[in-house]
Each structure stands twice: as structure tokens, then as C-alpha cells.
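# An overview of the molecular structure
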Amino acid sequence: MAETFPSTPFVHRRAVAPTTAAPGALPEVAAIDKAAWCDLATRVIEPNGYYLPEWVIAANGDDAVPRALTAQDSAGRLIGLLPVISCWHAFRLPLPALVSADPFRSLDTPLLDRDAADDAAARMMAQARAAGARALVLRDVAREGEAMAAFTRVLATEGLSPRLINGWTRAGLDASRDGEALLRQDLDTKKLKNLRRLERRLGEHGEVRFTVAKTADEAARAFDIFLALEDSGWKGRRGSSLKRQPELASRLRSAAIALASRGQCEVINLSAGATPVAAGVVLRHADRAYFFKLGIDESFARCSPGVLLTLALTRHLCADPDIRFADSTASAQHPMIDPIWRGRFAVGDLVLPLRKRDPLFAPIVATLSARDRLRHFAKRLLKR
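Residues numbered from 1 in each chain as written. Predicted model: local features only at pLDDT ≥ 70, side-chain atom pairs only at ≥ 80, totals over all residues. Heavy atoms only, no water.

In the annotation of an unreviewed UniProt entry, the entry for the chain reads GNAT family N-acetyltransferase, and the organism field reads Rhodopseudomonas palustris.

This is the structure:
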């Protein structure tokens, strides 16, 4: 459900409404040539599994179909892409800004051609200006990544710089290391001993097996197991599991199957005998992996199946020569994965100015900052 907050004194309706960005002037993501999009995904300066075409279209659905900022080189080849929505669709705020699109708030790093990253960033910002935007909001972007560095360089040529609204870090895995050595280093002897005890306890229900669904057919079956496990827990009781959103679940299932056929999605499963106890979805792009979601059978909670699945995934990714880093996509200070994946990945929400000395940029930043403070304050109140 979208959050609505009172307007702030920084933005006057008459100053904003006439200049509201018009994302309708941009192409819908579904209209972008898929072959060109997939080709760009093989040439990016920085990967982002959440911006592969099937996943973007499936995740956003029909409620707020995203448009896209795109860039082509002189030969017409796609060199940049960023799905965007209006600030009204993102925040219910009538601001003249375009916002990176991802309803799951996973990772919004734009796709930029590694050989033309600065040119792509410049062309995309020019396209945003032509659509009427006075700012570009990049949510959940890799703050220290090469894509953000390209946007920052382009802004610097105009004497401009991004403004950070909110920054945090989340768990990541250096998958270039040996998995067993990494776990021995990052988990103390007592913790490892306890995890082995939990695995033995789980083994009392049948042989403990970790499997990875890689083909389209395997992914289809395994995704159904994941949906059932996620729905069996607190998300199902709260009504927020994917299975309680059948259209979204169906779209994501189809996307996972399509991506699995290209080696860009795996569905992992931990079972005790014939009983699945934990499952998760992992996207892959270039040399990176992304842990999207996890579902567990809470009747096995005493065995910590989610932790055991994550340990098995750690070994799996570290043994894969094609993967060098994994993004947990977890919230900051996540109690389950932070103690296991000790690497930290800097993420943030940034606002990029699109014009020099724009009188509307400071009010846009102030309004978004105030919204962010109110949101965090409301969360603290709910936790009391």
C-alpha cells in the first residue's frame, strides 16, 4: 500500500503542478526491444539482476507500468536503461521528478554500457529533462558502484552533484573466497558447532539435501515449492506472501522460468527427506548473484532452516567460478544473514539535479528528506 504523508511547507502546489514530470513521454519498458535489452545486459559496467527485462516487467505489473530512460549511441545501439515511474506513483507526492522503479526495493542500479557509461548517463539525464523532470531519484542504488560514479562524473561537468537522502549498508558475500574457509573465519567455533547440531536435528526427519533448480522445468517446480513455503509462515498469515498475490506470483514464476533458461535464475531448496523445509530465489547477472526471497516451514523453526539454507547457498556460490559477489538484498542489520555474510554493500537513495541553479531542486530534496524522516519515525512508533 502506498504511503501518504502531509505536504511540507517547502513545496507549494502552484509551483509544482505545472512542471510535473511526464513519464508518459518515455517508452514503456514492455515496448523496449528485448533483444537489445538483453544485449546491453551483457555489456554493463555494473550488473543488476533486478533490471533484467523479464524481472522488471513481472515485478511491476499493470498497476504502475514503468517507463524507461534509455540511451542509444550514434549507431542506434542501446547503451543505457533505467526503469522509472513518476514521483506521484512512487510516493504520492506531486513533485516534478522521475523515480527509479522497483516495487520490492531491491537494487535500482541503472544499466550502463561499460564502454560508453558516461555518454549513456548524460543522454538519460537529458531524456529526463526533456520529459519535464527537474530531478532524478535513484532509490536503493549502489552508492559506491561504477554506474553511480558515471552519473557523478557527468554531473560534475556541470558543477552539480547528487544529494544523498538516505544511506545504509547491507550484507554481501565475497564469493571469490573458499566457502568453508570463509565460514570458519566468519563464524566462531561455538556457532559452527551449534549449526552442525541443528543440521543433525533436522536430519532426524530425513536426509538433509540442498538442491539447486537451474533449468526451466526444474525452476518451475521449485518455484512452486518456494511459494508454498513462503505462504506457510508469517507472511501468509499477514497476507503479504506472494501466493496471496496470485497475479504477481504468476508473473514472477514465469520470469524465473525464463531467466533460468538463460542461466540467470536459480531456485534453491533445503529438504529433510522428502519434505522441503526452506527455499529461496537467486537471480544471477554477470559475475554477481542476488538473494531475492526466502521461505521456510515454520514447523522446523527449531532447526533454523533459513540459516542452514543460507550456509548451503554460501558454499554453492563460493564454489561457482562465475560468481564473485552476492548481494543479500536484505535490510540493514538483518539478524539472520548479517552474521553469516560479513561483507557490506553500500546502498542509498540519491537525488540527481538535472539543471544548474534550479530553484525547484532544493524543495524537492527537502520534501523527500522530510518524507523519509516521517517514514522512519512511523516505523519506530510501530515497533514500540
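Moving on, there is more to tell.
What follows deals with the overall build of the chain. Across its full length, the chain carries 13 helices and twelve strands. Against the globule reference of 21 Å for 384 residues, the chain gives a C-alpha radius of gyration of 22 Å, in line with a compact fold. Each principal axis of the C-alpha distribution contributes one length, and for the chain these read about 65 × 55 × 40 Å. Buried residues in the chain amount to 54% of all 384 residues. Long-range contacts, defined as pairs at least 24 residues apart, comprise 77% of the intrachain contacts of the chain with a sequence gap of at least 6. With the model as given, the accessible surface of the chain reaches about 17,500 Å², and the carbon-plus-sulfur share is 51%. (Helix = DSSP H or I, 4+ residues; strand = E, 2+ residues; numbered from the N terminus. Rg over C-alpha atoms; globule rule 2.2 N^0.38 Å. Buried < 20%, exposed > 50% of the residue type's maximum accessible area, 1.4 Å probe, protein only. Contact = heavy atoms within 4.5 Å. Areas by Shrake-Rupley, 256 points an atom, 1.4 Å probe, with all protein chains shown as cover.)

Positionally, Phe223 belongs in helix H9 (residues 216-232). Overall, the relative accessible area of 0% leaves Phe223 in the buried class. C-alpha of Phe223 to C-alpha of Ala213: the two residues are ten residues apart in sequence and 8.8 Å apart in space. In this view, Phe223 contacts Ala249, Leu252, Arg253, Ala256, Val267 and Val281; residues no more than four positions away in its chain are not counted.

The UniProt entry lists residues 190-324 under the feature "domain: BioF2-like acetyltransferase" (unreviewed entry), expressed in the numbering used here. Along residues 190-324, the helical share is 48% and the strand share 25%, with 28 Å between the first and last C-alpha atoms. (UniProt positions renumbered as here; feature names shortened; annotations may be inferred.)

Moving on, we come to helix H8 (residues 189-203). In this model H8 runs 21 Å from its N-terminal to its C-terminal C-alpha over 15 residues, within 8% of the 21 Å that 1.5 Å per residue would give. Looking at H8, one finds that the buried residues are Leu192, Leu195, Leu198 and Leu202. Viewed end-on, H8 has its buried residues packed into an arc of 115°, placing them on one side of the element. When the buried face of H8 is taken as reference, the exposed residues oriented beyond 90 degrees from it are Thr189, Lys190, Lys193 and Arg200. In this structure, the buried residues of H8 make contact with helix H7 (179-186), strand E7 (208-213), strand E8 (265-272), strand E9 (275-285) and helix H12 (305-318). (Expected span 1.5 Å × (residues − 1). Arc of directions from axis to C-beta.)

So, about the pairing of strand E12 (residues 343-353). By the criterion of burial, E12 is predominantly enclosed, with nine of the eleven residues buried. Taken together, the six bridges between strand E5 (residues 135-142) and E12 define a ladder with antiparallel strand orientation. Counterpart to Leu138 in the pairing with E12 is Leu350. Note: strand E6 (residues 163-174) against E12, nine bridges, orientation antiparallel. If you follow Ala171 over to E12, its bridge partner there is Arg344. (Pairing = 2+ DSSP bridges.)

On to the environment of Leu259, then. Structurally, the position occupied by Leu259 is in helix H11 (residues 246-260). Judged by relative accessible area, which is 0%, Leu259 ranks as buried. Separated by 206 residues in the primary sequence, Leu259 and Pro53 have C-alpha atoms spaced 9.3 Å apart. With sequence-adjacent residues up to four places away left out, Leu259 is seen in contact with Leu52, Glu54, Trp55, Gln264, Cys265 and Leu283.

In this section: unusual backbone geometry. Notably, Asp140 is not glycine yet its phi reads approximately 50°, a positive angle. Mapping Asp140 onto the fold places it in strand E5. Residues other than glycine seldom take positive phi values, yet Ala286 does so here, at roughly 55°. Note on placement: Ala286 falls in the loop between E9 and strand E10 (288-296).

What follows deals with the pairing of E5. In terms of burial, E5 is a largely internal element, eight of the eight residues being buried. Bridging between strand E3 (residues 97-100) and E5 involves three bridges; their strand directions are parallel. Residue Ala97 lies in a different strand from E5, and its bridge partner there is Ala135.

To continue, consider H9. With 17 residues, H9 ought to run about 24 Å at 1.5 Å a step, and its terminal C-alpha atoms sit 24 Å apart, in line with that. Of all the positions in H9, only Ala219, Ala220, Ala222, Phe223, Phe226, Leu227, Leu229, Glu230 and Asp231 are classed as buried. In this structure, the buried residues of H9 make contact with E7, helix H10 (234-238), H11, E8, E9 and E10.

Of all hydrophobic cores here, the largest spans 43 residues; its most connected members are Leu69, Leu82, Leu98, Leu112, Leu136, Phe151 and Leu352. Of all the elements in the fold, those that place two or more residues in this core are helix H2 (34-41), strand E1 (67-72), strand E2 (78-86), strand E4 (111-112), helix H5 (117-130), E5, helix H6 (146-157) and E12. Once residues lying within four places of it in the same chain are set aside, the contact partners of Leu352 are Met125, Ala135, Leu136, Leu138, Met148, Phe151, Leu155, Pro162 and Phe361. Membership of the second largest hydrophobic core comes to 34 residues, among which are Leu195, Cys303, Leu313 and Ile337. (Core = buried A, V, L, I, M, F, W, Y, C linked by side-chain atoms within 4.5 Å.)

As for its placement among the helices and strands, Arg170 is situated in strand E6. Residue Arg170 is classed as buried on the basis of its relative accessible area of 2%. Only 2.7 Å separates the side chain of Arg170 from the backbone oxygen of Ser106, close enough to count as a polar contact. Residues within four places of Arg170 in sequence aside, it is in contact with Ser106, Leu107, Asp327, Ser328, Thr329, Ala330, Ser331, Gly343, Arg344, Phe345 and Val347. (Polar contact = N/O pair within 3.5 Å; in protein donor to acceptor, adjacent residues only side chain to side chain.)

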